[in-house]
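# Coordinate analysis (summary)
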Amino acid sequence: MDPRSEVLLRHAELFSGELLLAGLPADDLLGALPQARGWNWHAGDQALLTARFAGRSHFDTRLPEGDYRAAVLFLPKSRELTDYLLQALASRLAGKPLYLVGEKRGGIERAAKQLAAYGKPRKLDSARHCQLWCVEVDQAPAVPDLHAQAQSYPLQLADGTLEIVTLPGVFAHGRLDRGSALLLEHLDDLPSGHLLDFGCGAGVLGAALKRRYPDSELSLLDVDAFALESSRLTLARNGLSANLIAGTGIESAPEGLSAIVSNPPFHQGVHTDYQASENLLSQAARHLIIGGELRLVANSFLKYPPLIERHLGPCRTLAEADGFRIYSARR
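Residues numbered from 1 in each chain as written. Predicted model: local features only at pLDDT ≥ 70, side-chain atom pairs only at ≥ 80, totals over all residues. Heavy atoms only, no water.

Turning to the nonpolar core, a few remarks are in order. Grouped together as the largest cluster of nonpolar side chains are 64 residues, with contacts concentrated most on Trp39, Trp41, Leu89 and Leu98. With seven residues, helix α4 (residues 79–90) is the largest single contributor of residues to this core. Looking at which domains feed residues into this core, each of domain 1 (3–143) and domain 2 (150–330) supplies at least three. Sequence-distant contacts of Trp41, defined by excluding residues within four places in its chain, comprise Ala22, Gly23, Phe59, Asp60, Leu73, Leu81, Leu85, Val223, Asp224, Ala225 and Phe226. Listed in part, the 24 residues of the second largest apolar core include Leu196, Ile245, Ala284 and Leu296. (Core = buried A, V, L, I, M, F, W, Y, C linked by side-chain atoms within 4.5 Å. Buried < 20%, exposed > 50% of the residue type's maximum accessible area, 1.4 Å probe, protein only. Helix = DSSP H or I, 4+ residues; strand = E, 2+ residues; numbered from the N terminus. Domains from an automatic or database assignment. Contact = heavy atoms within 4.5 Å.)

This is the structure in structure tokens:
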């Protein structure tokens, strides 16, 4: 079981009545707390929870309806996302307890200070390198408007300007990251057909692809509900359309793709996790048509070419700059 869940269970007597667990990890906590419901924005965790506890976890960027007696937030990585989530939870908990649990190295002590906006924070426990905090919500704030917390910036491309919209918690919130900037310079000559932006984030690559290849079908895939909502906003802001897919990895992508374009993620919370990227390299051929292309950007220190050549074919380096490389391989 996740150590944060274990810390919570040390205080199970506190959680009588309907309880909302926000950012719930995919473990046995719902089984141990039968009165609890989950709110999740990670498609992988949600799929596992749905398989084991059908109907008890909600996948969305917005708080699920319910008359909650208390709520627990599993601390996310982003401070901005924490602000939004705490306000959303506190807006429904006037006079009721709001709990925050997280790892010490994940910044739980810093995040606990954010609870002070709703009352006087108290530390209830410190164990398994985690802490549990609580605040009684003295006065419930207004329900937050997620879209009002979006940041946008113009992206100048050869074929015109795109407006990129990002929400709290989304990778490179409010800015263009260096890897995507390099890949945007190398999107020429992709095979025509169905294109996929894998790990789409705010939809930077996807929007650029749809602008450049308007007759191609486009799908955008990400594990995070806030990323998918950002991509939807980016596409709408620029008058573009695409399929949005909430998925755990490349296995969630359609087959028959002409190209997969990606700035693949390798972080999950405060931990480094290469599984999604390595699965992409090992399984891309199953989703590409003959002659279809995988084109991605990666940190130069990552040893991706041998994996690409083992599972797909000869790997070319199209560019290198600022510690990143663009790799390309065709099926």
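Don't stop here, the text continues.
Within a sheet, each strand pairs with its neighbour through backbone hydrogen bonds, oriented either parallel or antiparallel. With respect to topology, seven strands assemble into an open sheet ordered β3-β2-β1-β4-β5-β7-β6, the strand pairing being mixed. The open sheet has two edge strands, β3 (57–59) and β6 (122–127), and neither has a second partner. For this sheet, the mean inter-axis angle between neighbouring strands, taken without regard to orientation, is 20°. In the packing of helix α3 (residues 43–52) onto the sheet, the strands contacted are β2 (36–40) and β3, and the crossing angle to β3 comes to about 145°. (Pairing = 2+ DSSP bridges. Axes fitted to C-alpha atoms, helices over the stretch in contact; angles between N-to-C directions.)

Here we take up the domain arrangement of the protein. Along its sequence, the protein is organised into domain 1 (3–143) and domain 2 (150–330). Using C-alpha coordinates to define each centre, domain 1 is positioned 31 Å away from domain 2. Taken together, the connections running from domain 1 to domain 2 amount to zero salt bridges. Counting across the domain 1 and domain 2 interface gives two residue pairs in polar contact (both at pLDDT 80 or more). Contributing elements (two or more residues each) for the side of domain 1 that touches domain 2: α3 and α4. The element that contributes the greatest number of residues to the side of domain 1 that touches domain 2 is α4, accounting for four residues. Here the residues of the side of domain 1 that touches domain 2 are counted per class, giving six nonpolar, five polar and six charged. (Salt bridge = Lys/Arg side-chain N within 4 Å of Asp/Glu carboxyl O. Polar contact = N/O pair within 3.5 Å; in protein donor to acceptor, adjacent residues only side chain to side chain. Nonpolar A, V, L, I, M, F, W, Y, C, P; charged D, E, K, R; others polar.)

This part is about the packing of aromatic side chains. Tallied over the full model, the rule gives four aromatic pairs. When the ring of Trp41 is compared with that of Phe226, the centres are 6.0 Å apart and the planes differ by 75°; the resulting orientation is edge-to-face. Here the residue Trp41 occupies a position in the loop between β2 and α3, and Phe226 occupies one in helix α8 (residues 225–237), the gap between them amounting to 185 residues. The class for Trp41 is buried, based on a relative accessible area of 9%. The class for Phe226 is buried, based on a relative accessible area of 0%. Grouping aromatic residues by their ring pairs yields a cluster made of Trp39, Trp41, Tyr84 and Phe226. (Phe/Tyr/Trp six-rings, centres within 6.5 Å; stacked < 30°, edge-to-face > 60°.)

Attention shifts here to the environment of His147. One can find His147 in the loop between β7 (130–136) and β8 (151–157). If sequence neighbours within four positions are ignored, His147 has contacts with Arg62, Leu167, Glu229, Arg232 and Leu233. A distance of 3.2 Å separates a polar atom in the side chain of His147 from a polar atom in the side chain of Arg62.

Moving on, we come to the sheet that holds strand β11 (residues 218–222). Read from one edge to the other, the open sheet built from seven strands follows the order β12-β11-β10-β13-β16-β18-β17, with strand pairing classed as mixed. Edge positions in the sheet fall to β12 (243–246) and β17 (316–321), since each of these pairs with one other strand and no more. Averaged over all pairs of adjacent strands, the angle between their axes in this sheet comes to 15°, without regard to strand direction. In this structure, β11 lies alongside β12, joined through four bridges in parallel fashion. Residue Leu220 lies in a different strand from β12, and its bridge partner there is Leu244. In the packing of helix α7 (residues 204–212) onto the sheet, the strands contacted are β10 (195–198), β11 and β13 (257–262), and the crossing angle to β11 comes to about 175°. Against the sheet, helix α9 (residues 275–287) contacts β10, β13 and β16 (288–299), and its axis sits at roughly 165° relative to β16.

With that settled, the discussion passes to the UniProt feature "domain: Methyltransferase small N-terminal" (unreviewed entry) in the protein. Within this structure's numbering, the places UniProt gives as "domain: Methyltransferase small N-terminal" (unreviewed entry) are residues 5–153. Within residues 5–153, the helical portion is 24% and the strand portion 27%, while the C-alpha atoms at the span's ends are 38 Å from each other. (UniProt positions renumbered as here; feature names shortened; annotations may be inferred.)

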